[in-house]
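One-letter residues, chain by chain:
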Amino acid sequence: MSALEVVGPDEWKTAHAELLAAEKAHTRATDALAARRRRAPMMAMGKGHVFAAPGGEVGLSDLFEGRRQLILYSFMLPDAGSEPCGGCSFFTDQVGHLAHLHQRDTTLALIAPAPIATIQALQARMGWGDIPFYSTAGNTAFYEELGIGSGFALNVFLQEGDRILRTYTVSGRGTEKLGSTWTFLDLTPMGRQETWEDAPDWVEQTPPYEWWRLHDEYASAGARA
């Protein structure tokens, strides 16, 4: 094991300033990449996909819950007798309060092939009751259209009239950084919808800070549900 490098205050400040400059450059590069992502081409999804919900069958458009964007995570839970994926569970544990995403016209949901009763039991066990979780219930065509097989992945969709457009997908280590509202919104075509962002002309933006609320205050402020 190499020795720890311990320095005096002046040397520490110099080293920290150099590190901070590199971190700022990384942030600017990340912002530029998100702007490029917002302008990426989109793919129209096929129709007729059906999912099982606690109240019965629903279509892909229903998963949006009336909002314009959908972030959909494919959870590895194949059947009633299987153990939930540790990595998918780790991911889900890190999801922040959904009220903030909802205020930006965005829904986050999970899907898995297991029966809806198995999914509900897992939600109750893990305390994930606030996160919408649907069963694909043998809907292999949906996975085939996404080209993700039986593994985990995150896909982003935009609802435009009667069309549902797939805008982005990520898997593997690309999901490690996700969990906060900001990291999710940066994957979407509408982004954070704040005036400082480089976004397409069709995206409506508001000033930063002004739309933020405590998560139980959005309704009283007249915010989007």
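About the cut-offs
- Residues numbered from 1 in each chain as written.
- Predicted model: local features only at pLDDT ≥ 70, side-chain atom pairs only at ≥ 80, totals over all residues.
- Heavy atoms only, no water.
- Buried < 20%, exposed > 50% of the residue type's maximum accessible area, 1.4 Å probe, protein only.
- Helix = DSSP H or I, 4+ residues; strand = E, 2+ residues; numbered from the N terminus.
- Arc of directions from axis to C-beta.
- Phe/Tyr/Trp six-rings, centres within 6.5 Å; stacked < 30°, edge-to-face > 60°.
- Lys NZ or Arg CZ within 6 Å of the ring centre and 35° of its normal.
- Pairing = 2+ DSSP bridges.

1. Regarding helix H2 (residues 86–93)
Regarding H2, the residues found buried are Cys-88, Ser-89, Phe-91 and Thr-92. Down the axis of H2, the smallest arc covering the buried residues is 155 degrees, so these residues share one side. When the buried face of H2 is taken as reference, the exposed residues oriented beyond 90 degrees from it are Gly-86 and Phe-90.

2. Describing the packing of aromatic side chains
The description of two aromatic rings rests on the distance between their centres and on the angle between their planes. Applying the stated criterion across every chain, the model contains eleven aromatic pairs. Here the aromatic rings of Tyr-73 and Phe-91 are separated by 4.0 Å at their centres, their planes lie at 10 degrees, and the arrangement is stacked. Of the two residues, Tyr-73 sits in strand S4 (residues 69–74) while Phe-91 sits in helix H2, which places them 18 residues apart along the sequence. When the ring of Phe-142 is compared with that of Tyr-143, the centres are 6.4 Å apart and the planes differ by 70 degrees; the resulting orientation is edge-to-face. Overall, Phe-142 belongs to the buried group, its relative accessible area being 0%. A network of ring pairs unites the aromatic residues Phe-51, Phe-142, Tyr-143 and Phe-157 as a single cluster. Above the plane of the ring of Tyr-168 lies Arg-37, whose end atom (NZ or CZ) is 5.0 Å from the centre.

3. Section: the pairing of strand S8 (residues 163–170)
Pairing between strand S1 (residues 43–44) and S8: two bridges, direction antiparallel. Its bridge partner lying in S8, Met-43 is registered against Arg-166. Here strand S7 (residues 153–160) pairs with S8 via seven bridges, running antiparallel. Bridge pairing links Leu-154 to Val-170 in S8.

4. Examining unusual backbone geometry
Of note in the backbone geometry, Asp-105 takes a positive phi value of approximately 60 degrees without being a glycine. Relative to the assigned elements, Asp-105 resides in the loop between helix H3 (98–103) and strand S5 (106–112). What makes Asp-105 buried here is its relative accessible area of 16%. In this structure, Gln-193 is a non-glycine residue whose phi angle is positive, near 60 degrees. Structurally, Gln-193 is set in the segment after helix H6 (181–185). Residue Gln-193 is classed as buried on the basis of its relative accessible area of 2%.

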